[in-house]
Amino acid sequence: MISLIPIVVALPLAGFLILGLFGSRMRSETVIGTLGSATVGISFAVASAIFVEMLGMDPIDRKQIVQLFTWISTTTDTPSSFSVPVAYQVDQLSILMTLIVTGVGFLIHVYSIGYMHGDKGFWRYFAYLNLFIFAMLNLVLSDNFLLMFLGWEGVGLCSYLLIGFWYEKKFTGDAAKKAFVVNRIGDFGFLLGMLLIFDRFGSLSFDTVFGSASVLSVGTPVLMWITLLLFVGAVGKSAQIPLYIWLPDAMAGPTPVSALIHAATMVTAGVYMVARCSILFALAPTTLEIVAIIGGLTAIFAASIGLVQNDIKKVLAYSTVSQLGYMFLAMGVAAFGAGIFHLMTHAFFKALLFLGSGAVIHAMHAEQDIQKMGGLKKYLPVTYWTFLLAAIAISGIPPFSGFFSKDEILWKTFSSPYGSVVLWGVAVLGAALTAFYMFRLVSLTFGGDERFGKHHHPHEAPKTMTIPLMVLAALSVIGGFVGIPPSLLGGNAIEHWLDPVFASANAKLGLGGHEIHAIEYVLMALSVGIAAAAIYASRTVYLKRHEIAEQLKNRYARFYNVLWNKYYVDEGIDKAIVNPTVLASESLLWKGFDVGIIDGVVNGSAKLMAVAAGWIRRMQTGVVQQYAVFFVGGIIAIIFWLVLN
Amino acid sequence: MENNYLADLWNSSPIVCVVLTGLVLLLVESVRRGSGRLSYAVSLVGLASAGVLIVAVGDVAQPAFNNMIVQGPYAQFFTVIFLVTGILTILLSRGYLDRQGIHRSEYYLLVVFAISGMMLLAYAMDLIVVFLGIELMSICLYILAGFMRTRGTSMEAALKYFLLGAFATGFLLYGIALIYGSTGTTNLEQIAKSFAEHSASPMFLVGVSFLLVAFAFKVAAVPFHMWAPDVYEGAPTMVTAFMSTGVKAAGFAAFVAVFMRSFQYAGSPVNDVLAAIAAASMIIGNVTALAQVNLKRMLAYSSVAHAGYILVGLAAGNADGFMGILFYLVAYVVVNVGAFGILSLVEDSNGQKLSYDDYAGFSAQRPFLAALMSIFMFSLAGIPPFAGFFGKYYVFLAAVKADMIWLAVLGVLTSLVSVYYYLRLVILMYFREGSGDVAVRPTWAAMLSIGFAAYLVIQFGIFPSIVVDAALKVF
């Protein structure tokens, strides 16, 4: 079965090619939507079959590499010759990612059939979405850095194309450009890291690199540089401080895209990459520390911005940034399994939140301001209930999925020798903020009075949209049961499943199993209590006593403004980097260097070429005798050179 | 030495098959005159069977006929090129010949015999066989160039090609004689064995110079290229396609067999001469192509330039150069068959519609063909992800490794120049309004051939390892 993995990857590619080449001639949305969804759905079915088969295997047999063909190889004979195959590595981690990507991807494809109904770029949309799944699967299934990088760049391209999907509007184009440029910074880091790896290990295959790395000692300087560079890549793709700025703007794309790419899958690529390279990071404690700090800071920083935003998708975007911070926090304290667990549950509830917001926007005819909503509960019952479940899950209330994964991260942050109490405190505070802004969102959108005009007649979304919502809601509720910790009498199945992947990293770090401490219960109760309190406070303020919000806003106007303006980071970057760059490009590089020097040289040499061409042409007279003369001249020159010299 | 004629026949069976196909075509022609359609089918079947045989014979090196020829990976690699070129040319030719009103069966006969000559060059282990192959190929092509008997330019092309070709043949034969005079043999293997003692003797060197000149003429390298633009322009377009691909590949098959596999001149003045010829070809070919208005002429100068690029690999004389030449030839051949194929579709029955301006707005009328043409132009310009890029990459890499960095730099600079005239066509097709009077009625066979060529260009550009692996086996 495992050897069928290329099919999982190839199907979305086939979907992309068919839709991309012939989609414009397909009249029927049903055909396009079914085709686009089916390719991903079948991929998911095949991946599930592989997963079931792996469950029955001995853990050491679960990792297999399926080699397809040599992609690039240099010709020469030297030992350091470079050869990269297209090969897929199926193991506990990659199959889990494959299931998330294809499973959530399939649901979002189905949802999109309803959401994108009537759009003139319907076929283009599904073609891009299929291409995205293909690229993402390459990213997670690759057995070497280069193919992973191909997937990495591929998802970046798809993200760009889909953010700017409605390219007639200027701001979508700007947002797409911003995402692309900011991602380039990260990608450049990844690329440098990859080159350094090749320089150091002479290979880009995971097995070879990780194998040679595992004999190195902890703290080898080159590993610190490698991991830092790789982490720069992760920071870009997974929207961490300071490169998170593209993600909120990326909400300009269609909402299902935000759900799939900018919440559930692509932005978690950085987390996946760090987990995949866990052994490298384990050997670089300094980097781990930086990862943890960046993750923790991002978690609380983005959550605080989320407190005051009024655009429904912006709130969710900052929430995504914040939750990704938690995942990196987990990575940084060497709780790789916990991070991946949170990645999975987050994929469920955040995709659900975005799809729910999509249903709201759909119902409100493109209105996104939650201050102009309210009382939607009775018009959109399915959306409301599923949205509410997701909000509870993300807030970390047991026994919903988010509770188990977030609590595991909090506990590891507290108890791991690589964690700290300060980071734990930051994370708990972040969790409280999360619960607060989520219920602010729920209350303002669905509860309270109707604040929209009479011309709006909100209506529930069609079945293709509500069914994915319900499936994701079920997953958000029960998805955490695979990771119930021993302290709650669970087996933490998911971390056991992932153990072999992180075994060598854990061995390096000297991390053992999960012991039960009394303090764990205290901390658990504390974090749940804080989250519940935050929910209560939020509901009180936004459902019953609106004036409190106004009073707070007025009393702490300065603080409020800082949050409202997102800490002025965008403005700061504009002033410090963008404007000077534009200015220098325009006056110096463009009008000075480009026009003056480059164009001068280019036009000059072009003129020279034209003159030369005209001159040489005149030798071509059409007279055969003359050709023979040149011929003989050539012979004489050669003989002169070779014999008489 | 005992001769096993059956084994020899088996080892040379692909050539035998092609020659037999030619003979059958002769019979067909004498029994049923003017049966172009039958000859078309016979020639395709014959070439395809030769393709089956080349696979069946296997790739273990086997000498045959007293070491006159040798079957092996080298012969196999080039034969595949020739057969693919031949089949694509024939598939494209039928419709073209019909449109031009010159669909006569001897066309196929001549193409098939020319291919047998090319194959001899790939199999040759003896200078006499090289001579035989070159003559067999060339004589067929002299006739093919003048195949359009009613058109003056075609006759002029044939005559010019013949006169200068005969001139070059003289040098080839004289060179072989001089080498025989100084070494006492014409067998390439034996020359290679005793190479060290002869390599510096003046008589041998003069012989080498003459061979070099003759081969340089066949591949149209500067300054022996002057025939190419006139002949390419005058000959029927599909003949030009065949000339610029098959003949060039065959010329290089002989060039490489003699100058890389037999003579060990790497790093000596001989390779400096090759480098000089390569440099001159790249410069003159590319610069002159800039000033052309006729696309056949443009492609003629471009073919001079590409001969220069391939010669870079020959001048480098190392393993990478060898690899580069093989890769480059594959890339160049498929692209040129496709590009000329499109030219032959657009050309009208008066031999017009061959200039740049005729392609203005082509993308609006024939979007698919315009897209394919763009792919071919991008590949010729050496832009990834098309096959042409890797061809250039490998030959330039070889030059760098052979300490001829100046040659690689020159190659890159002249490629830059070439972008102008290749992409000019793309710009015209996509960004200019056309008069809209280009009537294209392609046959299915033609569309299939062009599409297949484009497919290969992309396939080899994205997965170069397919060709690289095959080429590494040859080395």
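Parameters at a glance
- Residues numbered from 1 in each chain as written.
- Chains lettered and ligands numbered in written order.
- Predicted model: local features only at pLDDT ≥ 70, side-chain atom pairs only at ≥ 80, totals over all residues.
- Heavy atoms only, no water.
- Phe/Tyr/Trp six-rings, centres within 6.5 Å; stacked < 30°, edge-to-face > 60°.
- Helix = DSSP H or I, 4+ residues; strand = E, 2+ residues; numbered from the N terminus.
- Domains from an automatic or database assignment.
- Axes fitted to C-alpha atoms, helices over the stretch in contact; angles between N-to-C directions.
- Parallel < 35°, antiparallel > 145°, perpendicular 65-115°, else oblique.
- Left-handed = near helix turned anticlockwise from the far one by under 90°.
- Contact = heavy atoms within 4.5 Å.
- Nonpolar A, V, L, I, M, F, W, Y, C, P; charged D, E, K, R; others polar.
- Buried area = accessible area lost by both parts, 1.4 Å probe.
- Salt bridge = Lys/Arg side-chain N within 4 Å of Asp/Glu carboxyl O.
- Polar contact = N/O pair within 3.5 Å; in protein donor to acceptor, adjacent residues only side chain to side chain.

Peer 1: Is there a simple way to explain the packing of aromatic side chains in this structure?
Peer 2: Residues and elements named next belong to chain B. In this structure the tally under the stated criterion is 70 aromatic pairs over all chains. Ring geometry for Phe167 and Phe171: centres 5.4 Å apart, planes at 90°, overall edge-to-face. In this pair, Phe167 and Phe171 both sit in helix H7 (residues 152–183), four residues apart, roughly one turn of the helix. Here the aromatic rings of Phe389 and Tyr393 are separated by 6.4 Å at their centres, their planes lie at 20°, and the arrangement is stacked.

Peer 1: Quick question: what am I supposed to make of the domain arrangement of chain A here?
Peer 2: How big an interface is tends to be reported as the loss of accessible area on association of its parts. Once the domains are mapped, chain A shows domain 1 (197–241 + 267–560) and domain 2 (568–644). Once you take the C-alpha centre of each, domain 1 of chain A and domain 2 of chain A turn out to be 54 Å apart.

Peer 1: Can you walk me through the packing of helix H14 (residues 312–332) of chain A against helix H18 (residues 421–446) of chain A in this structure?
Peer 2: Helix-helix packing is characterised by the crossing angle of the two axes and by the distance between the axes. Residue and element names in this part refer to chain A. Remark: H14 packs on H18, axes separated minimally by 11 Å, with the N-to-C direction vectors making an angle of 160°. As summarised for this structure, H14 and H18 are arranged roughly antiparallel, according to the angle between their axes. For the pair H14 and H18, the crossing hand works out as left-handed. For the pair H14 and H18, the contacting residues are Ile312, Val315, Leu316, Ser319, Ser322, Gln323, Tyr326 and Leu329 in the first and Leu423, Ala427, Gly430, Ala431, Thr434, Tyr437, Met438, Leu441 and Thr445 in the second.

Peer 1: What should I look at first to understand the packing of helix H16 (residues 381–395) of chain A against helix H19 (residues 463–478) of chain A in this one?
Peer 2: All names here are of chain A. For the pair H16 and H19, the least separation of the axes is 9 Å and the interaxial angle reads 25°. Overall, the two elements H16 and H19 adopt an arrangement that is roughly parallel. Of the two elements, H16 crosses H19, and the hand of that crossing is left-handed. Side by side, H16 and H19 meet where Val382, Thr383, Thr386, Leu389 and Ala393 of the first sit next to Thr466, Leu469, Met470, Ala473, Ser476 and Val477 of the second. Partitioning the contact of H16 with H19 into residue classes produces seven nonpolar, four polar and no charged.

Peer 1: Help me understand the environment of Val239(B) in this model?
Peer 2: All names here are of chain B. Tracing the backbone through its elements, the reader meets Val239 in helix H12 (residues 237–259). Residues Val239 and Phe340, 101 residues apart in the sequence, show an inter-C-alpha distance of 9.5 Å. Not counting residues up to four positions away in its chain, the partners in contact with Val239 are Tyr107, Leu141, Leu144 and Ala145.

Peer 1: Would you explain the interface of chain A and chain B in this entry?
Peer 2: Chain A puts 27 residues into the contact, and the matching count from chain B is 46 residues. Buried surface at the junction of chain A and chain B, both sides included, amounts to about 3200 Å², of which 79% is carbon and sulfur. Across the contact surface, chain A and chain B share zero salt bridges. Taken together, chain A and chain B are joined by five residue pairs in polar contact (both at pLDDT 80 or more). Looking at the side of chain A that touches chain B, the elements that each hand over two or more residues are strand E1 (64–73), helix H24 (569–617) and helix H25 (624–642) of chain A. The dominant element in the side of chain A that touches chain B, judged by the number of residues it contributes, is H25(A), at twelve residues. Of the residues assigned to the side of chain A that touches chain B, the class counts are 19 nonpolar, seven polar and one charged.

Peer 1: I tried to follow the domain arrangement of chain B on my own but got confused; where do I start?
Peer 2: Residue and element names in this part refer to chain B. Once the domains are mapped, chain B shows domain 1 (1–263) and domain 2 (267–475). The interface of domain 1 with domain 2 comprises 44 residues on the first partner and 53 residues on the second. Where domain 1 abuts domain 2, roughly 4100 Å² becomes buried across the two surfaces, and 75% of that area is made up of carbon and sulfur atoms. For the pair domain 1 and domain 2, the interface holds three salt bridges. Joining domain 1 to domain 2, the criterion identifies 15 residue pairs in polar contact (both at pLDDT 80 or more). Per element, the largest residue contribution to the side of domain 1 that touches domain 2 is 13 residues, and it comes from helix H4 (residues 73–100). Along the lines of polarity and charge, the residues of the side of domain 1 that touches domain 2 split into 29 nonpolar, eight polar and seven charged.

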